[in-house]
Amino acid sequence: MKKNIIISAIVLVLASFSMTSFAQTDTAQVAKDSAKVDLNKVPVYHAEKIVKLDEAGNQLKNDDGTLQYRVFLVDQFGNIRSAEAVKKQQAKVRKLVATVVGKVGLGALAGVGLQLASNAIEKKKQKAEDLVVAGAAGAIAGLAWGSDDVAKAKELKKSLKAQEKLVKEYQKSFTDEGEPRSADVDMNHVAGIEIVNNNVSKSAEEVKNLLGSGDFNEPDDSAWDF
């Protein structure tokens, strides 16, 4: 009897739930936004050397003949961002990853919804529909994603921790202009991660223009714009 009551409660809740204000909840909004994301376009950053050029376009060198570099944070598409812009991007990616990895599948609805409804009926502390919303929200968010998306999200989750460490150590070692903060800065590694050298060069004027651009100072939302 109790089992039938529980099942009936869930059916009634889900039937009415489609006509409720789910779209107004934070979880629903995350699900809505996440469904528009191309995970393959989400930026992943590394530290990269940029060779300094003089006004004539010649590579600048140190007294010992080695090249002079600036170091910037660059994504896999070659876009250069400020550390603050990267941190804003990471916050958005962190929320996305949590949504995809943590709320995928109808298991959230069937398992969580059933348990919460059962608790509500037995303890009479909350309405079943109030509790089932949590499970339903997670399941609906998960329906937008396939197995490939989940695998990619897990990959992004794994890289986030390393990238957060990279950005933190980068800010300790380099200025917004990409200059080392002291002569002791290692120009080959940041946070134990090798600084990439793709033989890219920029003049002081080009760097100045870069620093003042919106592309440098704002997070890259192109993965969300398709």
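Owing to the predicted nature of the structure, the values given are computational and were not obtained by experimental measurement.

1. Regarding the packing of aromatic side chains
At step 1: Going through the model one piece at a time under the given rule, you end up with two aromatic pairs.
At step 2: Between the aromatic rings of F72 and F216, the centroid separation amounts to 6.2 Å while the plane-to-plane angle is 90 degrees, which identifies the pairing as edge-to-face. Remark: F216 occurs in helix α8 (residues 214-217) and F72 occurs in strand β2 (residues 69-75); sequence separation between them is 144 residues.
At step 3: On the basis of relative accessibility, which here comes to 1%, the residue F72 falls in the buried class.

2. A look at the sheet that holds strand β6 (residues 196-203)
At step 1: Ordered by their spatial adjacency, four strands build an open sheet running β3-β2-β1-β6, and the pairing between neighbours is mixed. Across the chains shown, the open sheet's two edge strands, defined by having one partner strand only, are β3 (80-81) and β6.
At step 2: Here two bridges tie β2 to β3, and the two strands are oriented antiparallel to one another. Along β3, the bridge assignment pairs V74 with I80.

3. Digging into the environment of K87
At step 1: Positionally, K87 belongs in helix α3 (residues 83-102).
At step 2: For the pair K87 and P219, spaced 132 residues apart in sequence, the C-alpha separation works out to 8.1 Å.
At step 3: Setting aside residues no more than four positions away along its own chain, K87 makes contact with V167 and Q171.

The rules behind each value
Residues numbered from 1 in each chain as written. Predicted model: local features only at pLDDT ≥ 70, side-chain atom pairs only at ≥ 80, totals over all residues. Heavy atoms only, no water. Phe/Tyr/Trp six-rings, centres within 6.5 Å; stacked < 30°, edge-to-face > 60°. Helix = DSSP H or I, 4+ residues; strand = E, 2+ residues; numbered from the N terminus. Buried < 20%, exposed > 50% of the residue type's maximum accessible area, 1.4 Å probe, protein only. Pairing = 2+ DSSP bridges. Contact = heavy atoms within 4.5 Å.

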